[in-house]
Amino acid sequence: MTVVRTVSYRYIINGQVSEIVKAKRGLRQGDPVSPLLFVLVMEYLHRCLAGLKETPGFTHHPRCAKFNITNICFADDLMLFSKGEDQQTILRTTQFVEGKLPVRYLGVPLSSRKIYIAQCQPLIDKMTMRIQHWSVKLLSYAGRLQLINSVFMAISNYWMQAFPIPKKVIAKVESIYKNFLWSAKAEARKAYVSWENLREPKNAGGLHVRDLQLWNTIMMIKLLWNIHMKMDKLWIRWLDSYFMKGTPILQWLTNKIWKEMLEWNGYDRSIRQWPQEQNWLIQEMGKKGWRREILIVTLTETVYQIWLCRNEAVFNNILPRVDITKAIQERVVHRCLPHRKLNPHVNGSAMRLS
């Protein structure tokens, strides 16, 4: 602590170095020594908290016991994990105020569930505020397009790389793009060219404006790639331990699609390993009735659509479709409608389970 108490500064004024100035209040924000001292203190705090697992009476959080996680530090933020058996005692001792999820962290909502439209309102407000503060009336269409491709896309990217954005929010953001491009305002105005044409590449007559829905899908595929390739990361090991349970990501996605199709057919059962799943299918195929016939069609269409998406990705570099489950359902309905015995049990794009 001697360095903290004896810190001093020199200033460069008009190219001349000043005399030494003693700091009477110790370190201040922005001091070159501050980050080093902060890292040392946080490292010591982390080691003290990690030793809590040896303390009698301490119980890990149910989702952190396998990895002995007691705390996670990021910059100057600290998250503690334990089983809150005596919550009131903790609140009384620390004088903290109990909060509830979702909360905003690093500018985006932090939630344990899928985000909904109201939680994305800060994204829309931030873009609208930027338009109101910019002196955009003097900008040409090319200047506005440059702001869309740089500033607006940077704001959208920050959200899209974290979680899937609801479609209504993406539609609202794209409407802000369009209104800003044609009128330099957030209000609507008649567009001179359709937005679909502007998404086309420049050599095809468009302006190469990104499709936000597709871009959000690409960001999510990037997360899947990280899950598949970066198993040394803590969050991926935690996800694999508690959710995927050792199943490879591609097989896990296949199981998810197959489970959704079984639920659509009225089968409420958990998905097992494929050898056990094949045994169950063999038993079901031995039965009679319309449910057996529809299950056969569902199985063949599921295998075919997954195989088709795999080939498109491997040989044609085409991204997998997001709505593959919907495509399978449409194909099943299309194949069942012409059959007299199966027709009464399908209705549009949904299965009649009665």
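These lines cover the structure that appears in this document, whether it is placed above or below. (Residues numbered from 1 in each chain as written. Predicted model: local features only at pLDDT ≥ 70, side-chain atom pairs only at ≥ 80, totals over all residues. Heavy atoms only, no water.)

### Let's talk about the nonpolar core
If you look at the biggest cluster of nonpolar residues, it comprises 32 residues, and the most contacted ones within it are Met127, Ile165 and Tyr177. Those residues in contact with Tyr177 that sit more than four places away from it in its chain are Met127, Ile148, Phe152, Met153, Ser156, Trp195 and Leu212. Counting 19 residues, the second largest nonpolar core, distinct from the first, contains Trp258, Trp264, Tyr267 and Ile328. (Core = buried A, V, L, I, M, F, W, Y, C linked by side-chain atoms within 4.5 Å. Buried < 20%, exposed > 50% of the residue type's maximum accessible area, 1.4 Å probe, protein only. Contact = heavy atoms within 4.5 Å.)

### A look at the environment of Pro62
Of note, Pro62 is situated in the loop between helix 2 (34-50) and strand 5 (71-74). Spatially, the C-alpha atoms of Pro62 and Ser82 are 8.0 Å apart, while their sequence positions differ by 20 residues. (Helix = DSSP H or I, 4+ residues; strand = E, 2+ residues; numbered from the N terminus.)

### Quick look at a nonpolar patch on the surface
Nonpolar side chains collect at one region of the surface, where Ile72, Met79, Leu101, Val103, Leu110 and Leu234 lie side by side and expose about 470 Å² of accessible area between them. Tracing the chain through its elements places Leu234 in helix 9 (residues 234-244). (Patch = residues over 30% accessible without salt bridge, like charges linked within 9 Å, V, L, I, M, F, W, Y side chains within 5 Å. Areas by Shrake-Rupley, 256 points an atom, 1.4 Å probe, with all protein chains shown as cover. Salt bridge = Lys/Arg side-chain N within 4 Å of Asp/Glu carboxyl O.)

### With respect to the packing of helix 4 (residues 121-133) against helix 6 (residues 167-183)
One can describe the packing of helix 4 onto helix 6 by two numbers: an axis separation of 10 Å at closest approach and a directional angle of 5°. Compared by their axis directions, helix 4 and helix 6 come out roughly parallel. Contacts from Leu123, Ile124, Met127, Thr128 and Ile131 of helix 4 reach helix 6 at Val169, Lys172, Val173, Ile176, Tyr177 and Phe180. Considering only residue class, the contact of helix 4 with helix 6 consists of nine nonpolar, one polar and one charged. (Axes fitted to C-alpha atoms, helices over the stretch in contact; angles between N-to-C directions. Parallel < 35°, antiparallel > 145°, perpendicular 65-115°, else oblique. Nonpolar A, V, L, I, M, F, W, Y, C, P; charged D, E, K, R; others polar.)

### Here we look at the side chain of Thr70
With respect to the element layout, Thr70 can be found in the loop between helix 2 and strand 5. For Thr70, a relative accessible area of 5% puts it in the buried group. Side-chain polar atoms of Thr70 contact the side chain of Asn71, separated by 3.0 Å. The residues touching Thr70, leaving out its near neighbours within four places in the chain, are Leu49, Ala50, Phe58, His60, Met79, Leu80 and Phe81. (Polar contact = N/O pair within 3.5 Å; in protein donor to acceptor, adjacent residues only side chain to side chain.)

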